Amino acid sequence: MSGFVDLYTAGDTFLHRMDPRVKMLAVLLFSLLAFVLSELIHLVALLAFIFLLLVLVRASVSRTMFALKFVLRFMALIMVMWPLFDPSGTPVLAELGPVKVTVPGIVHGLTAAARVGCLATVWYILIFTTAQRDLVRALVKMGVRFDIGLTLAISLRFFPAFSFLIDSVMDAQRARGMDFAKGNILTRSKNYVAVLAPAVVTALRMTDTISLALQSRAYGARADRTYLRDLRMRWSDYVAASVVMIIFAVPVFARFVLDIGV
Amino acid sequence: MIPLPEADPGQRIVSLHDVKFTYDGGVEALRGVNLHIRNGEFVAIVGGNGSGKTTLAKHMNGLLRPTSGEVMVSGKPAAGLSVADLSRVVGYAFQNPDHQLFCTTVEAEVSYGPRNLGYHGPELSRRVEYAIEAMGLGGFSELPPLSLNLGQRRRVSIAAVISMDPRVLILDEPTTGLDAGEIRVLMESIGELNREGRAIILITHEMKVVAEHANRVVVMADGRTVLDSDARGVFADLEVLAKARLVPPPISLLAHRLASSGISRDIMTPEEFVFDMMRARGGP
Amino acid sequence: MRGVRFVHAGSQARALDGIDLDIAKGEFVTLLGANGSGKSTLCMLANGLVPHAVPGTFEGTAEVFGLDVSKYPVTVLATRVGMVFQEPESQLFCMSVEEEVAFGPENLAVPKDEIRARVEWALETVGMNGYNDRSPMTLSGGQKQRIAIAAALAMHPPMIVLDEPAYALDPIGRVELFSLLKRLKEQHGMTVLLAERDPEEAAVYSDRVVLMSKGKVVASGTPRETLLDVTRLRDIGIDPPQVATVSALINERLPRQAMSSITIEEAEVAVSRLLSTRPRSISR
């Protein structure tokens, strides 16, 4: 398990170059849009648009499928299970006891699955095109305190190291005859103490060194620190932000103001 | 339990046949290793960082399984045995003892392994006592392992493996972070375990320690064994050592430089050097 | 430093027990001592981590470049003294090499162009230019240590302190590290303070060696003055350099030789001279 550290892939597409704040805004708005839209056809259009973005950023199909495999399974599950529990409307396709499969039921299932697909894919694109340092920098620029941003950045940096540490500790305990697969819930929980305790102790030692290292590099010397790689909005970013807001505003306006079914 | 009477000295206890291993990310860590460890041997596996020595060692107790090739332990294929099964024969003490220690007392820590293997009662106590004595930890039994210094913690982690009574003990860089006095104490205990009949596999790049304790040295570089000889033979071969990112002890280098003046090339300690120098001089 | 005493919080023993020590600008000083001798604590005194960041009781006075360590915060002292710790992994906390090296100057609000120049210079000095966008996790131990040094150098400190920097390095990594430190002293005029358990490099690179034991300075002098006395070294838990042991052994048997070699180069010269002069008579 190496977390989502690996998902960022450097590239030079327009999305890679876009200011992360605009991307985060887009992700937020598209996520909301996925819930605002209730017609299947519109959701499929949104999904298609998002997939077009995936193509434009040259995400490899196999890697995307692998990263999203849980999402895809979940979507498949929804598409299969939903109609079994949603007997609304006509026409009825099949009936077995209390279970009634109807066409509207199937449509609702597909709609829900499409929503999940939109959400997951749009977040994936964000992580795929944005380096973690830029995400954290964006948050700090938008008002998050620097030390919180730094804490987040350091946690992300050490996440794979910690995960590697856990693997190492599990290996060490396996070599002492520990079998993680055997036993009831109680035994297995006790087994995990044998992994968590050394991992936590080692991690705490590491954080001690990190803290000394931070201080040794004058962390906190001045409130007005410089940022070598800074984020600056360009006109293309403003254009993109406007486009995103329009794409969002139109259906919302239609639905809530004009009361057109969207 | 001491020594291991059924063990036939000279018989192969761990064998690797053309073992290749590639990590998930595509890194080829082992490129066809053939290695046989016999009962009672004291082998040092040396190499720079990235040579594959730790990867190799993890194949011996099943923590890693070969991508191709075969590993035999005690005459049986390791493939069919779990890590827990193999831990009865091959003990592995990790480089960082803090990755293993989690109990509230040294005694509990040392009992953990044999308990997992199903021992209890007087048999368990016997093993625990033996291991604690063997590693010079008598008097520390009731102390929390985390209150001990690095050298002591390392001995606890080794005791925790000894108590499982393995025939082979793998020690991964056990001298890291220890000063000269602590190394001496540790290696004495290890030497004693070896004399009792256990095979010792020492993974290290500390050439001074190798010079003083190993009778067989396997040099690894780039996932292959490039030399497998007695310690003297290895120290005489500067070229191979350099390829493996290793530097022989200063005394070895000195002996090499003075080879033209009559000093033999396979000197390993200062005492040997002076002795040889006196011989070369022709005086008393 | 005068009369420095320090007790770690939660400990009984004095980590530093009455230290009087002077380090001159541009000197390469090695603190040599066994584990627990106080050398790490002394290192952390140089940039103020002791007493500001490490909990404990502090007595005495310590000044670095004229600044009283107890009166100035670490953030100020850090501009005079760069610090490198022994664990390469945990002292690199950024996601790219460039961020890591830039972190220090960024905190000091150095202008962007200046930071860029410093990052390039620091990476060039440690021999890692071009690695700007690499993640520290993909680097080898030796490379990580060099980035840690670069990160310290970027703050343009006149002095650099390293606590057992070769801890995680293989023999070739050690050699590369010490040649870098030598360059820092000779080409950049930096003062280098280093804590070590192994005296071999101290003999070759140091201007001065300070022997430490149980929180006290046992001796301070040139490498020859401190490393030839093999008995004293062993008493404080350090194995003497192998060549020094050879000198001592030769002096025992041939007192008139007065061998004083501590490096391989010196020994080569002295021993070949010895070997080319045969004894005039066979005496016992």
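Computed from a predicted model, the values in this text were never measured in an experiment.

*Asks:* Looking at this structure, I do not really get the overall build of chain B. What am I missing?
*Replies:* Along chain B, the regular secondary structure elements total eleven helices and ten strands. Its C-alpha radius of gyration of 20 Å places chain B within 12% of the 19 Å reference for a compact globule of 284 residues. Across the 284 residues of chain B, 55% fall into the buried class. Taking the contacts inside chain B whose residues are at least 6 apart along the sequence as the reference set, 66% of them involve residues at least 24 apart.

*Asks:* Sorry, what's going on with the overall build of chain C here?
*Replies:* Secondary structure assignment for chain C yields twelve helices and eleven strands. Taken over C-alpha atoms, the radius of gyration comes to 21 Å for chain C, in line with the 19 Å a tight globule of 284 residues would show. For chain C, the spread of C-alpha atoms along the principal axes amounts to about 75 × 45 × 30 Å. For chain C, restricting intrachain contacts to residue pairs at least 6 apart in sequence, the fraction spanning at least 24 positions comes to 63%.

*Asks:* Is there a simple way to think about unusual backbone geometry in this case?
*Replies:* Only a minority of non-glycine residues have a phi that is not negative, and only a minority of peptide bonds are not trans. In this structure, the amide linkage connecting Val 50 of chain C to the following residue, Pro 51 of chain C, adopts the cis form with an omega of 10°. One non-glycine residue, Ser 74 of chain B, lies in the positive phi region at around 55°. Among the structural elements, Ser 74 of chain B can be located in the loop between β4 (68-73) and β5 (76-77). One non-glycine residue, Ala 109 of chain C, lies in the positive phi region at around 55°. Along the chain, Ala 109 of chain C falls in the loop between α4 (97-107) and α5 (112-126).

*Asks:* Help me understand the interface of chain A and chain B in this model?
*Replies:* By a frequent convention, interface size equals the accessible area lost on bringing the separate parts together. Across the boundary between the two partners, chain A contributes 17 residues, which contact 20 residues of chain B. Contributing elements (two or more residues each) for the side of chain A that touches chain B: α8 (146-174) and α9 (185-216) of chain A.

*Asks:* For this particular structure, what's the right way to read the confidence of the model for chain C?
*Replies:* Should pLDDT be low for a region, the predicted coordinates there are not to be read in detail. Residue and element names in this part refer to chain C. Residues with a pLDDT of 70 or more make up 98% of chain C, whose mean pLDDT is 91. Here residues 280-284 is modelled with pLDDT under 50, and outside its nearest four sequence neighbours on either side it reaches four contacts, counting other chains as well. Per the prediction output, this complex has pTM 0.87; the corresponding ipTM is 0.89.

*Asks:* Which parts of the structure should I look at to understand the sheet that holds strand β4 (residues 56-61) of chain C?
*Replies:* The pairing of strands in a sheet comes from backbone hydrogen bonds and takes either a parallel or an antiparallel form. All names here are of chain C. With antiparallel pairing, three strands are arranged side by side in an open sheet as β2-β1-β4. Both outer strands of the open sheet, β2 (16-19) and β4, are each paired with one neighbouring strand and no more. When the angles between neighbouring strand axes are averaged without regard to direction, this sheet yields 5°.

*Asks:* Just to check I follow, could you spell out the interface of chain C and chain B for this structure?
*Replies:* Each partner contributes residues to the interface: chain C has 34 residues there, and chain B has 35 residues. Mapped onto the side of chain C that touches chain B, the elements with two or more residues apiece are α7 (171-188), α11 (242-253) and α12 (264-276) of chain C. Tallying contributions element by element places α12 of chain C first for the side of chain C that touches chain B, with seven residues. Broken down by class, the residue content of the side of chain C that touches chain B amounts to 18 nonpolar, nine polar and seven charged.

*Asks:* Teacher, can you tell me more about the environment of Thr 263 of chain C here?
*Replies:* Residues and elements named next belong to chain C. Within the fold, Thr 263 resides in the loop between α11 and α12. On the basis of neighbour counts, which here come to 20 C-beta atoms within 10 Å, the residue Thr 263 falls in the buried class. For the pair formed by Thr 263 and Gly 142, sequence separation is 121 residues and the distance between their alpha carbons is 24 Å. Not counting chain neighbours up to four residues away, the residues in contact with Thr 263 comprise Ala 203, Val 204 and Val 243.

*Asks:* Help me understand the sheet that holds strand β11 (residues 216-221) of chain C in this model?
*Replies:* Residues and elements named next belong to chain C. As summarised here, the arrangement of the six strands in space is β7-β8-β9-β3-β10-β11, forming an open sheet in which the pairing is mixed. Every interior strand has two partners, whereas the edge strands, β7 (81-84) and β11, have only one. The mean inter-strand angle of the sheet, taken between neighbouring strand axes irrespective of direction, is 15°. In this sheet, strand β9 (residues 191-196) lies alongside strand β3 (residues 28-33) in parallel orientation, the contact comprising five bridges. Across the sheet, the residue bridging to Thr 30 is Leu 194, located in β9. Across the face of the sheet, helix α1 (residues 39-46) comes into contact with β3, β7, β8 (159-163), β9 and β10 (208-213) while running at roughly 155° to β9.

*Asks:* What should I look at first to understand the packing of helix α6 (residues 141-153) of chain C against α7 of chain C in this one?
*Replies:* When two helices pack together, their arrangement is given by the angle between the helix axes and the distance between those axes. Residues and elements named next belong to chain C. Interaxial distance between α6 and α7 falls to 10 Å at its minimum, and their mutual angle equals 20°. Relative to α7, the element α6 is oriented roughly parallel. Handedness of the α6/α7 crossing: right-handed. Contacts between α6 and α7 pair Gly 141, Gly 142, Gln 145, Arg 146 and Ile 149 from the former with Gly 173, Glu 176, Leu 177 and Leu 180 from the latter.

*Asks:* When you look at α9 of chain A in this model, what are you seeing that I'm missing?
*Replies:* Spanning 32 residues, α9 of chain A covers 46 Å between terminal C-alpha atoms, matching the ideal 46 Å at 1.5 Å per step. When we look at burial in α9 of chain A, the residues that qualify are Ala 194, Val 195, Pro 198, Ala 199, Thr 202, Ile 210, Leu 212, Ala 213, Gln 215 and Ser 216 of chain A. If you follow the buried residues of α9 of chain A, they end up packed against α8 of chain A together with α2 (49-52), α3 (74-77) and β7 of chain C.

*Asks:* Just checking my understanding: could you explain the pairing of β7 of chain C for this structure?
*Replies:* For a regular strand, side-chain orientation follows a simple rule: the groups alternate between the two sheet faces. All names here are of chain C. Neither face of β7 is open: one carries Val 81 and Met 83, the other Gly 82 and Val 84, and all of them are buried. The pairing of β7 with β8 spans four bridges and is parallel. By the bridge assignment for β8, Met 83 is matched with Val 161.

*Asks:* Quick question: what am I supposed to make of helix α3 (residues 40-56) of chain A here?
*Replies:* Since the α-helix turns once every 3.6 residues, residues separated by three or four places project in the same direction. Relative to the 24 Å expected for 17 residues at 1.5 Å per residue, α3 of chain A spans 24 Å between its end C-alpha atoms, a close match to the ideal helical length. In the segment just after α3 of chain A, Arg 58 of chain A is the residue with positive phi, at about 60°.

*Asks:* I tried to follow the nonpolar core on my own but got confused; where do I start?
*Replies:* In a soluble, globular protein the nonpolar side chains are often hidden away together inside. The biggest cluster of nonpolar side chains holds 202 residues, and the ones touching the most others in it are Ile 45, Ala 159, Val 168, Ile 170 and Ile 201 of chain B together with Val 101 and Ala 150 of chain C. Broken down by element, the residue count for this core peaks at seven residues, all from α6 of chain C. With residues up to four places along the chain from it excluded, the contact list for Ile 201 of chain B reads Ile 37, Val 43, Ile 45, Ala 57, Val 168 and Ile 170 of chain B. Among the nonpolar cores identified, the runner-up in size contains 21 residues, and Leu 15, Ala 34, Val 122 and Ile 125 of chain A belong to it.

*Asks:* What's the story with the packing of α3 of chain A against helix α6 (residues 103-129) of chain A in this structure? I'm lost.
*Replies:* Residue and element names in this part refer to chain A. The geometry of α3 relative to α6 is characterised by a closest axis approach of 9 Å and an angle of 25° between their N-to-C directions. Considering their axes alone, α3 and α6 lie roughly parallel with respect to each other. Where α3 crosses over α6, the two elements pack in a sense that is left-handed. Two secondary-structure elements touch here, α3 through Leu 40, Leu 43, Val 44, Leu 46, Leu 47, Ile 50, Phe 51, Leu 53 and Leu 54 and α6 through Val 107, Leu 110, Thr 111, Ala 114, Arg 115, Gly 117, Cys 118, Thr 121, Val 122 and Ile 125. Tallied by class, the residues present in the contact of α3 with α6 amount to 15 nonpolar, three polar and one charged.

*Asks:* What exactly am I supposed to notice about the environment of Ile 132 of chain B here?
*Replies:* Residues and elements named next belong to chain B. Note that Ile 132 resides in helix α4 (residues 121-134). Separated by 139 residues in sequence, Ile 132 and Glu 271 have C-alpha atoms that sit 33 Å apart. Setting aside residues no more than four positions away along its own chain, Ile 132 makes contact with Val 110, Leu 137, Gly 138, Ser 141 and Ala 159.

*Asks:* Even after reading the chapter, I still don't get the pairing of strand β2 (residues 99-102) of chain A, so can you show me in this structure?
*Replies:* Residue and element names in this part refer to chain A. Sheet topology note: the strand β1 (residues 92-96)/β2 ladder contains four bridges and is antiparallel. Each bridged residue has a counterpart across the sheet, and for Val 92 the counterpart in β2 is Thr 102. The hairpin turn running from β1 into β2, its antiparallel successor, is two residues long, and Gly 97 in that turn takes a positive phi close to 65°.

Calculation rules
Residues numbered from 1 in each chain as written. Chains lettered and ligands numbered in written order. Predicted model: local features only at pLDDT ≥ 70, side-chain atom pairs only at ≥ 80, totals over all residues. Helix = DSSP H or I, 4+ residues; strand = E, 2+ residues; numbered from the N terminus. Rg over C-alpha atoms; globule rule 2.2 N^0.38 Å. Buried ≥ 20, exposed ≤ 12 C-beta atoms within 10 Å, placed from the backbone. Contact = placed C-beta atoms within 7 Å. pLDDT = per-residue confidence, 0-100. Pairing = 2+ DSSP bridges. Axes fitted to C-alpha atoms, helices over the stretch in contact; angles between N-to-C directions. Nonpolar A, V, L, I, M, F, W, Y, C, P; charged D, E, K, R; others polar. Parallel < 35°, antiparallel > 145°, perpendicular 65-115°, else oblique. Left-handed = near helix turned anticlockwise from the far one by under 90°. Expected span 1.5 Å × (residues − 1). Core = buried A, V, L, I, M, F, W, Y, C linked by C-beta atoms within 7 Å.

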